[in-house]
Amino acid sequence: MRTTVRLFTGTALTVAALGALAAPAAFAGNSESLEVYPSEASPGTTITVNTLACGKNGRGVGDANSLGAGEFHLSPSTHKEVVVGQFTVPEHAKPGTYGISVACDNGKTARGDLTVKHRRPSGHVQTGVGGSVGPDTAQVTAGAAVLAAAAVGGVWLLRRRASGAQGH
């Protein structure tokens, strides 16, 4: 009895798994490519998207809500059958990959991904312990000379004391 139950349970799970894998493949045929430029950006960057899904003189509405940028509109461009839209990556966007989608007036959809990266600091970072600029050769040389002089002076004093040669 248990063997029969296990056999049916295993078969049911296999069929369910195959059905779950087949569903996205069927859905993927209805969605077209959405070009996202740049595909990697930091907060504050303006993103341009375009697709052929909407057709000649088509229009569409883009969805960047997963990123927090809301909706944006796509309209025909100067290129044949391409619609274009733009949005800005919000300043509060966290690093990660976000799905951007477009619903065209003709019923077709397009999807693409945008990867948000950490913003790199620009300019000098005010930390109070030095700058974020590379090492200054003159400062490194001067520091090394001071350390060498201190080491030589220290060794000289220690040897003089050890030999008992103290001048009065």
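Up top is the structure.
Residues numbered from 1 in each chain as written. Predicted model: local features only at pLDDT ≥ 70, side-chain atom pairs only at ≥ 80, totals over all residues. Heavy atoms only, no water.

### Remarks on the overall build of the protein chain
Convention followed: By definition, any uninterrupted DSSP run of H or I lasting at least four residues is a helix, any uninterrupted run of E lasting at least two residues is a strand, and each is numbered from the N terminus. Accessible area is worked out with a 1.4 Å probe on protein chains only. A residue is then buried under 20% of its type maximum, exposed over 50%, and partly exposed in between.
Counting its regular elements, the protein chain contains two helices and nine strands. Along the chain direction, N to C, the helices and strands of the protein chain fall in the order α-β-β-β-β-β-β-β-β-β-α. Expressed as a percentage of its 168 residues, the buried residues of the protein chain come to 20%.

### A closer look at the pattern of salt bridges
Between side chains of opposite charge, a pair can form as their charged atoms come close. Selection criterion: Salt bridge, as applied in this entry: a Lys or Arg side-chain nitrogen positioned within 4 Å of an Asp or Glu carboxyl oxygen.
Applying the stated criterion across every chain, the model contains three salt bridges. As a salt-bridge pair, Lys 108 and Glu 32 come within 3.4 Å of each other at their nearest N and O atoms. Of this pair, Lys 108 sits in the loop between strand E8 (96-104) and strand E9 (109-116) while Glu 32 sits in strand E1 (residues 31-33), and the two are 76 residues apart along the sequence. Relative accessible area serves as the criterion here: at 39%, Lys 108 is assigned to the partly exposed category.

### A closer look at the state of the cysteines
Rule in force here: To count as a disulfide, a pair of cysteine sulfur atoms needs to be within 2.5 Å.
Here the structure, examined in full by the defined rule, presents one disulfide. Put simply, Cys 54 and Cys 104 are joined by a disulfide, and their sulfur atoms are 2.0 Å apart. Here Cys 54 and Cys 104 share a disulfide; its torsion about the S-S bond, -75°, makes the bridge left-handed. Taken together, the residues Cys 54 in the loop between strand E4 (46-51) and strand E5 (60-64) and Cys 104 in strand E8 connect sequence positions 50 residues apart. Cys 104 carries the same exposure label as Cys 54, and that label is buried.

### Details of the environment of Ser 39
Basically, it comes down to this: Residue contacts are defined here by distance: any two heavy atoms, one from each residue, within 4.5 Å place the two residues in contact.
For Ser 39, the position within the fold is in the loop between strand E2 (35-37) and strand E3 (40-41). Residue Ser 39 is classed as partly exposed on the basis of its relative accessible area, which comes to 41%. Separated by 74 residues in the primary sequence, Ser 39 and Asp 113 place their C-alpha atoms 7.0 Å from one another. Contact partners of Ser 39, with chain neighbours within four places excluded, come to Asp 113, Leu 114 and Thr 115.

### Considering the environment of Tyr 37
Following the sequence through the fold, Tyr 37 ends up in strand E2. Between the alpha carbons of Tyr 37 and Asn 50 there is a distance of 8.6 Å; along the sequence they are 13 residues apart. Other than its neighbours up to four places away in sequence, Tyr 37 contacts Thr 46, Ile 47 and Thr 48.

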